[in-house]
Amino acid sequence: MQFIKRAASTLLAVSLGALLAHLSQDLPWVGTHSFASLSSARAASRIEQRPELNDTQRSVSKTKAVSLNPIDLSIALGKPFARGKIMTGATPHRLILFTFDDGPDLRHTPALLDALDARGIKAVFFLSAWRIRGQSEAQRAQAEIAIETVRRGHMVASHGLDHLQLPLLNNEEALEQIVGAQAIFEKVFGQRPWLFRPPGGAYSDRTTALLADHGYTTVMWNLGTGDVQVDTPENVLQTWQRVLDRREREGNQNGGIILLHDTHTWSVIGFEMIHDELMRRNCKILKRGEELYDIVDDPRFFFSPLGKAAPTSKAAPAMPELALLEARQERLRKLTEKRCE
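Remember, it's a predicted structure, so these values are computed and weren't measured experimentally.

Note on soluble globular proteins: their nonpolar side chains tend to be buried together. Among the nonpolar cores identified, the biggest contains 48 residues, and Phe-98, Phe-100, Phe-125, Phe-189, Phe-271, Ile-274 and Leu-278 are the most heavily contacted of them. The leading source of residues in this core is helix α10 (residues 265-287), at seven residues. Discounting residues that sit within four places of it in the chain, Ile-274 has contacts with Phe-98, Thr-225, Val-236, Leu-237, Trp-240, Ile-258 and Leu-260.

So this is what it looks like as structure tokens:
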């Protein structure tokens, strides 16, 4: 009886800790990111018919690895940002990084890639590995979309194998999600990923240490959009606006990492609306002589090497060198002046 009570207490503590962390990132703990019980997580795993870890590589389709320069591919898979402190997105500057979780999705990711191309934006995609392991025709097609994502200049990173919340798993099960996903990436891309976003934003000291032991940098976000809770692009835009405005007003965070999902129509359209709003804001603040919103291509400004720090250490707020920041702002001012005439 005492053992059962202790186990229940531990499970509740982990769940509440993850819940509070998630709420602090302005995303209600509902919808597809529900914090399921361990038994529910295992049931979901069975539904996905996930093979055992030793069979993972054999289960992946025979999709050819990406035909890019190995150095370029290494960058696309985030190696320059390996083994870093937890990226939170915090920054006093108006730096913006778009990230997309849960794909690739046959219905929505191709449209998103086109939208990103049309706007000249690069993003980071956190892929759910079960979608590209190649056991079905759809998964093989989604593996091709993942490869196309890299070919178009975006970064790809791991979102785990089956979208299970790691803190509710024991070490062996958590490693199955981490290493199993890695094996699929290696089969599809020819190299492993180095960035990891915990499903549901749920992490603990234990799971972060496991990720660090395998060279991963955990990437979170500070600008939620609520796009797993709503079903209109207008609501996605409004949620993001409220979050950004509150960050700027209360926390000296004027930019950061935006979380969206490439698995919904409203998320793709919502992304376009968010970008349009950033461009409108730039026209207004240009006249006031303020720092402009600067959309960055990768997480470099949010990265800090882990070194000898504890795996749970968080990266310092993004603070580019003044000369670099001013050079980027000068270029932005010229482009914005021309666009806003």
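This paragraph deals with the packing of aromatic side chains. In the structure shown here, the tally under the stated rule is six aromatic pairs. Ring centres of Phe-98 and Phe-271 lie 5.0 Å apart, and the angle between their planes is 90 degrees; this geometry places the pair in the edge-to-face category. Of the two residues, Phe-98 is situated in strand β1 (residues 95-101) and Phe-271 in helix α10; the sequence distance between them amounts to 173 residues. Owing to a relative accessible area of 0%, Phe-271 belongs among the buried residues under this scheme. Here Phe-100 and Phe-125 contribute two aromatic rings whose centre-to-centre distance is 5.3 Å and whose plane-to-plane angle is 25 degrees, an arrangement assigned as stacked.

With that settled, the discussion passes to helix α7 (residues 171-189). Compared with the 27 Å implied by 1.5 Å per residue over 19 residues, the 26 Å span of α7 between its first and last C-alpha is a close match. Where α7 begins, the side chain of Asn-170 points an oxygen toward the backbone nitrogen of Glu-172, at a separation of 3.1 Å. At the exit of α7 stands Gly-190, carrying a positive phi of roughly 90 degrees.

With that settled, consider helix α5 (residues 109-119). Along α5, the positions that sit buried rather than exposed are Thr-109, Leu-112, Leu-113, Ala-115 and Leu-116. Looking straight down α5, one finds its buried side chains confined to an arc of 160 degrees; they lie on one side. Gly-120 lies just past α5 and shows a positive phi near 65 degrees.

Conventions we followed
Residues numbered from 1 in each chain as written. Predicted model: local features only at pLDDT ≥ 70, side-chain atom pairs only at ≥ 80, totals over all residues. Heavy atoms only, no water. Core = buried A, V, L, I, M, F, W, Y, C linked by side-chain atoms within 4.5 Å. Buried < 20%, exposed > 50% of the residue type's maximum accessible area, 1.4 Å probe, protein only. Helix = DSSP H or I, 4+ residues; strand = E, 2+ residues; numbered from the N terminus. Contact = heavy atoms within 4.5 Å. Phe/Tyr/Trp six-rings, centres within 6.5 Å; stacked < 30°, edge-to-face > 60°. Expected span 1.5 Å × (residues − 1). Polar contact = N/O pair within 3.5 Å; in protein donor to acceptor, adjacent residues only side chain to side chain. Arc of directions from axis to C-beta.

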